[in-house]
Amino acid sequence: VDSVIDGGKPLVLARPPNSQELAALTATQLQAKGQELEDQLREKRERLAKLEGEVAPLWDLVNDRKLSKPSVKELQTTFERLSADYDNLKRRNEEQMAETAEISTRAVLKQMLSVLDTFEMAER
């Protein structure tokens, strides 16, 4: 069923960056990484919408009783798995975005603190 619905392509998720990798990035790099994650999420949403569109005609066949019950069960299982994959991807991307925002905020504050320290030393 996967190869019929999905063209034989497995759902592959990229490894998310860890905290150390994110901490080493500059604010510009963090913005770029955030954009990259948003693009990946958009692509996954588009893929899910496409797969749902491909499954819709099969549900018409099911309703017309032209597909047997095992096929319906397979389709339902596949749809549920893809839906769970999408939910997991969405959750991970939201977590990554929150972590990226926190780390970028820390990086900006750290840079601001060094500037404030410089001003304080200049006042003395």
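Every value quoted in this text rests on a predicted model; they were computed, and no experiment measured them.

Draft legend 1. Seen up close, the overall build of the protein chain. Looking only at helices and strands, one finds 4 helices and 0 strands in the protein chain. Along the chain direction, N to C, the helices and strands of the protein chain fall in the order α-α-α-α. For the protein chain, with 124 residues in total, the buried portion stands at 20%. Put simply, 81% of the contacts in the protein chain that link residues at least 6 apart link residues at least 24 apart. Roughly 9,000 Å² of accessible area belongs to the protein chain as shown, and the carbon and sulfur atoms make up 55% of that amount.

Draft legend 2. Layout of the side chain of Asn93. With respect to the secondary-structure elements, Asn93 resides in helix α4 (residues 69-123). Given the relative accessible area of 4%, Asn93 is considered buried. Not counting the four nearest positions on each side in its chain, Asn93 is found in contact with Leu37 and Leu41.

Draft legend 3. Molecular detail of the pattern of salt bridges. Under the definition given, this model contains 7 salt bridges. Of the charged contacts, one joins Asp85 and Arg81 as a salt bridge, the two residues approaching to 3.8 Å between their closest N and O atoms. Note that Asp85 and Arg81 are positioned in helix α4 at a spacing of 4 residues, about one turn of the helix. The exposure class of Asp85 is partly exposed, given its relative accessible area of 21%. Look at Arg81 and you get partly exposed, because its relative accessible area is 35%. Among the salt bridges present, the one from Glu102 reaches Arg106, with a minimum N-O distance of 2.1 Å.

Draft legend 4. Representation of helix α3 (residues 27-63) within the structure. Between the first and last C-alpha of α3 there are 53 Å, a value that for 37 residues agrees with the 54 Å anticipated at 1.5 Å per step. Arg65 sits one or two residues past α3 and shows a positive phi near 60 degrees.

Each value, and the rule that gives it
Residues numbered from 1 in each chain as written. Predicted model: local features only at pLDDT ≥ 70, side-chain atom pairs only at ≥ 80, totals over all residues. Heavy atoms only, no water. Helix = DSSP H or I, 4+ residues; strand = E, 2+ residues; numbered from the N terminus. Buried < 20%, exposed > 50% of the residue type's maximum accessible area, 1.4 Å probe, protein only. Contact = heavy atoms within 4.5 Å. Areas by Shrake-Rupley, 256 points an atom, 1.4 Å probe, with all protein chains shown as cover. Salt bridge = Lys/Arg side-chain N within 4 Å of Asp/Glu carboxyl O. Expected span 1.5 Å × (residues − 1).

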